[in-house]
Amino acid sequence: MAAKTRTVSHFLYVPDRAAAERAGQALARAGFRSEAGPASDGNAWLRVARHDAVAETEREVAAPDAHREIP
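These figures come from a predicted structure and were not determined experimentally.

Analysis parameters
- Residues numbered from 1 in each chain as written.
- Predicted model: local features only at pLDDT ≥ 70, side-chain atom pairs only at ≥ 80, totals over all residues.
- Heavy atoms only, no water.
- Helix = DSSP H or I, 4+ residues; strand = E, 2+ residues; numbered from the N terminus.
- Buried < 20%, exposed > 50% of the residue type's maximum accessible area, 1.4 Å probe, protein only.
- Pairing = 2+ DSSP bridges.
- Axes fitted to C-alpha atoms, helices over the stretch in contact; angles between N-to-C directions.
- Contact = heavy atoms within 4.5 Å.

Tracing the backbone through its elements, the reader meets Gly 31 in the loop between helix H1 (17–29) and strand E2 (33–38). Between the alpha carbons of Gly 31 and Asp 52 there is a distance of 9.9 Å; along the sequence they are 21 residues apart.

Below is the structure:
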């Protein structure tokens, strides 16, 4: 039987558009799909990153190295 996958979303708030762009580049290198826009509070930017993961019975931490790379 084929493995079932699920899409996992991560929400990253950064101070400005330039930081959102840098985050997007780092996340793309790590294999994430992402999009950014102004956060609802009007003071920050939100980058939403997604990736597909094999559905497991245990939760997994997604790509911590990709998050560390963001300046």
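Counted residue by residue, strand E3 (residues 45–54) has seven buried out of 10 residues, so it is predominantly covered. As defined by bridge partners, strand E1 (residues 5–14) adjoins E3 across 10 bridges and the pair is classed as antiparallel. By the bridge assignment, Thr 5 is partnered in E3 with Val 54. Between E2 and E3, which pair antiparallel one after the other, the connecting turn spans six residues, and Gly 42 there sits at a positive phi close to 80°.

A few words now on the sheet that holds E1. Across a sheet, paired strands are connected by hydrogen bonds in the backbone, their directions being either parallel or antiparallel. The strand order across the open sheet built from three strands is E1-E3-E2, with neighbouring strands paired in antiparallel fashion. Strands with a single pairing partner mark the edges of an open sheet, and in this sheet they are E1 and E2. Taken pair by pair, the neighbouring strands of this sheet meet at an average axis angle of 20°, ignoring direction. The sheet contacts of H1 involve E1, E2 and E3, and relative to E3 the element is tilted by about 15°.

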